Amino acid sequence: MADGDTQVPQLDDPLQIPCIKPGAMEGLQPFLASPEHNKALGFPEELVPDWKEKALAKMAELAEKNRAFQVYLDICVKCGACTDKCHYFLGTADPKNMPVARQDLLRSVYRRYFTFAGKYFPWLVGARDLTKEVLDEWYSYYHQCSECRRCSVFCPYGIDTAEITMAARDILDAVGYGMKYSNEIIGKVHDVGNNLGLNPKALRATLEDLEEDIEDETGVTVRIPIDEQGADILLVTPSADFFAEPHIDGLIGYAKVFHQAGVSWTLSSYASEAANFGLFIGNYENMRLVSQRIRKAAKDLGVKRIIFGECGHAWRVAYSFLNTLAGPWDFLDPNYPVPQHILEFTWNEIQQGNLTFDKSQNDHMTLTFHDSCNVARGSRMGDMPGGQFEIPRNVIKAVCNNYVDMDRDTTHESTLCCGGGGGLLTDDLMDLRIKGASPRMTALQQTTEEHGVTHLAAICAICKTQFSKVMPKYGYDMDSIVSVHQLVSNAIILDGQETEEDATA
Amino acid sequence: MLSTIYALLFYVATILIVVGVALKVRKYAVTPAPLKIPTTPAPITTGGVVLRMLREVIFFESLFKSNKWIWLFGWTFHMALWLVIIRHLRYTIPGTTPFWLDFLQPFGKYAGFAMVLGLAGLWARRFLVDRVRYISSPSDHLILALLLAIGLSGLTMKFVAHTDILAVKAFMSGLWTFQINRLPTDPFILIHLALVITLMIVFPISKLLHAPGVFFSPSRNQVDNPREQRHIAPWAAELEK
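Worth saying up front: this structure is predicted, and the values here are computed from it rather than measured. (Residues numbered from 1 in each chain as written. Chains lettered and ligands numbered in written order. Predicted model: local features only at pLDDT ≥ 70, side-chain atom pairs only at ≥ 80, totals over all residues.)

### Re the overall build of chain B
Next up, step 1: Counting its regular elements, chain B contains twelve helices and zero strands.
Next up, step 2: Of the regular secondary structure in chain B, the N- to C-terminal order runs α-α-α-α-α-α-α-α-α-α-α-α.
Next up, step 3: In terms of its C-alpha atoms, chain B occupies a principal-axis envelope of roughly 65 × 40 × 40 Å.
Next up, step 4: A total of 241 residues make up chain B; the buried ones form 30% of that total.
Next up, step 5: Residue pairs in contact within chain B that sit at least 24 positions apart in sequence constitute 75% of those at least 6 positions apart. (Helix = DSSP H or I, 4+ residues; strand = E, 2+ residues; numbered from the N terminus. Buried ≥ 20, exposed ≤ 12 C-beta atoms within 10 Å, placed from the backbone. Contact = placed C-beta atoms within 7 Å.)

### Topic: the overall build of chain A
Next up, step 1: From N to C terminus, chain A includes 23 helices and seven strands.
Next up, step 2: Relative to its length of 505 residues, chain A is compact, with a C-alpha radius of gyration of 23 Å against a globular reference of 23 Å.
Next up, step 3: In chain A, which comprises 505 residues, the share counted as buried stands at 59%.
Next up, step 4: For chain A, contacts bridging at least 24 residues in sequence account for 80% of all contacts bridging at least 6. (Rg over C-alpha atoms; globule rule 2.2 N^0.38 Å.)

### Section: the sheet that holds strand β5 (residues 367-369) of chain A
All names here are of chain A.
Next up, step 1: In space, the three strands of this open sheet follow the order β5-β6-β7, with parallel pairing throughout. This sheet does not close on itself; its edge strands, each paired only once, are β5 and β7 (481-483). Between one strand and the next, the sheet's axes are offset by a mean angle of 35 degrees, whatever the strand orientation.
Next up, step 2: Two strands pair when backbone bridges link them, and β5 and strand β6 (residues 455-458) are joined in this way by three bridges, in the parallel orientation. Of the residues in β6, the one forming a bridge with Leu-367 is His-455. (Pairing = 2+ DSSP bridges. Axes fitted to C-alpha atoms, helices over the stretch in contact; angles between N-to-C directions.)

### Some details on the domain arrangement of chain A
All names here are of chain A.
Next up, step 1: The domains assigned to chain A are domain 1 (3-185) and domain 2 (187-404 + 453-491).
Next up, step 2: Using only C-alpha atoms to locate each centre, domain 1 and domain 2 end up separated by 31 Å.
Next up, step 3: Counting residues at the interface gives 19 residues for domain 1 and 16 residues for domain 2.
Next up, step 4: If one sorts the elements of the side of domain 1 that touches domain 2 by residue count, helix α10 (residues 161-174) sits on top with five residues.
Next up, step 5: Residue composition of the side of domain 1 that touches domain 2, by class: eight nonpolar, four polar and seven charged. (Domains from an automatic or database assignment. Nonpolar A, V, L, I, M, F, W, Y, C, P; charged D, E, K, R; others polar.)

### Focus: the environment of His-313 of chain A
All names here are of chain A.
Next up, step 1: Examined against the element boundaries, His-313 turns out to sit in helix α15 (residues 312-326).
Next up, step 2: Here His-313 falls in the buried class, since 29 other C-beta atoms lie within 10 Å of it.
Next up, step 3: Expressed as a C-alpha distance, the spacing of His-313 and Glu-413, which sit 100 residues apart in the sequence, is 15 Å.
Next up, step 4: Beyond its immediate stretch of four places on either side in the chain, His-313 contacts Ala-275, Leu-279, Asn-374 and Gly-421.

### Overview of the interface of chain B and chain A
Next up, step 1: Counting residues at the interface gives 57 residues for chain B, matched by 57 residues for chain A.
Next up, step 2: Listed by contribution, the elements that provide at least two residues to the side of chain B that touches chain A are α1 (2-30), α3 (61-66), α4 (68-88), α6 (130-135), α7 (138-159), α10 (210-213), α11 (218-221) and α12 (234-239) of chain B.
Next up, step 3: No other element matches α6 of chain B, which puts five residues into the side of chain B that touches chain A.
Next up, step 4: Considering only residue class, the side of chain B that touches chain A consists of 28 nonpolar, 16 polar and 13 charged.

### A word on the confidence of the model for chain B
Next up, step 1: Across chain B, pLDDT averages 96, with 100% of residues at or above 70.
Next up, step 2: Note on the complex model: pTM 0.96, ipTM 0.96. (pLDDT = per-residue confidence, 0-100.)

### With respect to unusual backbone geometry
Next up, step 1: Following Glu-245 of chain A, the chain continues to Pro-246 of chain A via a peptide bond in cis, the omega torsion being 5 degrees.
Next up, step 2: The topology assignment puts Pro-246 of chain A in the loop between β1 (233-236) and α13 (247-261).
Next up, step 3: Cis peptide bonds are those with omega within 30 degrees of zero, and the linkage from Val-338 of chain A to Pro-339 of chain A qualifies with -10 degrees.
Next up, step 4: In this fold, Pro-339 of chain A is placed in the loop between α15 and β4 (340-341).
Next up, step 5: The backbone phi angle of Phe-60 of chain B is positive, close to 55 degrees, even though this residue is not glycine.
Next up, step 6: With respect to the secondary-structure elements, Phe-60 of chain B resides in the loop between α2 (46-59) and α3.

### Thoughts on the packing of helix α5 (residues 99-114) of chain A against helix α8 (residues 132-141) of chain A
All names here are of chain A.
Next up, step 1: At a minimum axis distance of 10 Å, the contact between α5 and α8 shows a crossing angle of 150 degrees. Taken together, the axes of α5 and α8 are roughly antiparallel relative to one another. For the element pair α5 and α8, the recorded crossing hand is left-handed. On α8, the residues touching Arg-102, Leu-105, Leu-106 and Val-109 of α5 are Val-134, Glu-137, Trp-138 and Tyr-141. (Parallel < 35°, antiparallel > 145°, perpendicular 65-115°, else oblique. Left-handed = near helix turned anticlockwise from the far one by under 90°.)

### Concerning the pairing of β6 of chain A
All names here are of chain A.
Next up, step 1: Of the two faces of β6, the one lined by His-455 and Ala-457 and the one lined by Leu-456 and Ala-458 are each fully buried.
Next up, step 2: Sheet topology places β6 next to β7; three bridges connect them, and they run parallel. Pairing of Ala-458 across the sheet is with Ser-483, part of β7.
Next up, step 3: Handedness of the β-α-β unit built from β6, helix α21 (residues 461-470) and β7 comes out right-handed. (Right-handed = clockwise from strand over helix to strand, strands pointing away.)

### Description of the nonpolar core
Next up, step 1: Within the largest apolar cluster, 186 residues are counted, with the highest numbers of intra-cluster contacts made by Tyr-72, Leu-234, Phe-308, Ile-396, Ala-457 and Leu-487 of chain A.
Next up, step 2: A per-element tally of this core places α15 of chain A first, with nine residues.
Next up, step 3: Here this core spans two domains, and each of domain 1 (3-185) and domain 2 (187-404 + 453-491) of chain A adds at least three residues to it.
Next up, step 4: In contact with Tyr-72 of chain A, other than residues within four places in its own chain, are Ile-159, Asp-160, Glu-163 and Ile-164 of chain A.
Next up, step 5: With six residues, the next largest nonpolar core counts Val-168, Phe-171, Leu-183 and Ile-189 of chain B among its residues. (Core = buried A, V, L, I, M, F, W, Y, C linked by C-beta atoms within 7 Å.)

### Re the sheet that holds β1 of chain A
Residues and elements named next belong to chain A.
Next up, step 1: With parallel pairing, four strands are arranged side by side in an open sheet as β2-β1-β3-β4. Bordering the open sheet on either side are β2 (265-266) and β4, each of which pairs with just one other strand.
Next up, step 2: Sheet analysis places strand β3 (residues 305-308) next to β4, joined by two bridges and oriented parallel. Paired with Ile-307 across the two strands is Gln-340, which belongs to β4.

### Some words on helix α22 (residues 484-491) of chain A
Next up, step 1: With respect to burial, α22 of chain A is a largely interior element, eight of its eight residues being buried.
Next up, step 2: Within the sequence span of α22 of chain A, burial applies to Val-484, His-485, Gln-486, Leu-487, Val-488, Ser-489, Asn-490 and Ala-491 of chain A.

As structure tokens, then:
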């Protein structure tokens, strides 16, 4: 569907609950992965003839390997607490986008084949046979979940629909029925080292151009090193930071902070991607292989620390899973957590007084901050609970004069997904992306009306891309979305930098 | 004859609930959680996790954040149910009862009304709220009907049509020592006990598993310390060889 067809939802309140509209998003499906993409990831090339048996076998396997999947399938009581928590439900009104209903698409099949009640009394417990229609329904609605975990916060048992969605996608891939967007991208990471398929030569040229831009702008030589043996810090950042707006301004910000902090650092052309789409498709093996690239790069370059750039789910995989998937990190400097977030680094430098800022450089903006879902609910920063909320805000306030928060019910652990996370950032799902963004956009519009907010700051490559695409639908310019380190970059005063006063004097 | 049937049913139901729940709990316990997935706000110490879990099961903290109506009805029902169960111990313990149990009797007595009101509220939502109506299966209605019928039949015996409670106590407490004493035959006690037996039997094969299951939910019971401590499932460790 072209995005011009989308009815942009008009909400009075970001969390306004719609009356259900069964079938509203029925049949919306992303493109199927091609045989080559599936093959590269170790999946069957196309839907296998015995898909039903294979799917059930995979379901049984996952229930044995993952306690979350097993427990969550069993213990939901259908209380309804989650039913109004998903941004895709709020934006589309399709009841199958209610977290419990989304889980039930799979739970109904689990019950039919793996539980006493479902085997003998299927009508009683809503159990159903696995048919091609059900498989297609899975393909549709498990690609209308961004794995943002908002439902899990509000569930009395912590049932995380993301876990069910990931399992469902893993099952779909196991029968050769995976999606194009994620599978194609994971293939590029395995082959080239990043989601974009940028080869080392192109990457080096891009970085040199950026170095020139910084020098033109500031008069200071700030390096963006790549593949430098013996550097102290390996920076792993989403590849969107190398070319997309506003991501690239964030990368310039990291480079300036490292420069001013006087540390030696490097990017790696081999691990030139922080994102790990293995998470999105719920496939442990692929997630592990992608993570192992970072371990190899760190070893080959002989670094002492690893720092991640601004990326939401990448930070979840980095913070929560990297030690599991690619650890132990006993060859790195034990004085630093592995890995660290760039915001942890920058905030630490600010606290130590190593950075000076001209906050007025950001005075043309009034800012608010979008807590990215995977950072907010799947990870942490610093050494205190809630550091993932405090540290980004602290950094923004250190470099900007005008900052306000959005409605508390839509920030921190209750934050709303941007609408494009979890492997849905593809044009074939644009209708869903626009609708799914409406709760967040409505909260933003409220701050614009009440406090004159002009810009939204984010720390996730997907959020940034998604917002630059959908914000125009909600009355904002596409450059109203900014990187947090873009704000840092605007305000930071480098040693020897030509300031405006120098220029006029 | 009827006493013998009920006694046997109680034994069967007890075996089914104990063995059934034990098997499920064992399954939850041995199934590894391959990744660290605690949901924010996640404690960073084991003590913090214990406190979080206590807040969840005593106050229903997450549910309170989520929906005040479901919390009100659900919490009322569960807490009242505890009081009612404790009160019923006097009918199953042989001989005289400890003083604290006697002390709790009046609370348990009136908790029966709270329990019924809570259940009625939860059931009403299954009809009145379109989202909850959509997700409800027949079994979701039936389990509420079952619990409500247990509560109403119990209240009826307490406040309207008394049964021979001394005989009931003799019957129930005799079961511990495999003595089958005579069970009164008035309809309410027979209905009440039959429904309780049904509840025990369906417990391990239904969503009632949420009671033991909540303690095994990784998003609630994990410590947020993945950078400090390496967490790896046995099957995942195999991949490293």
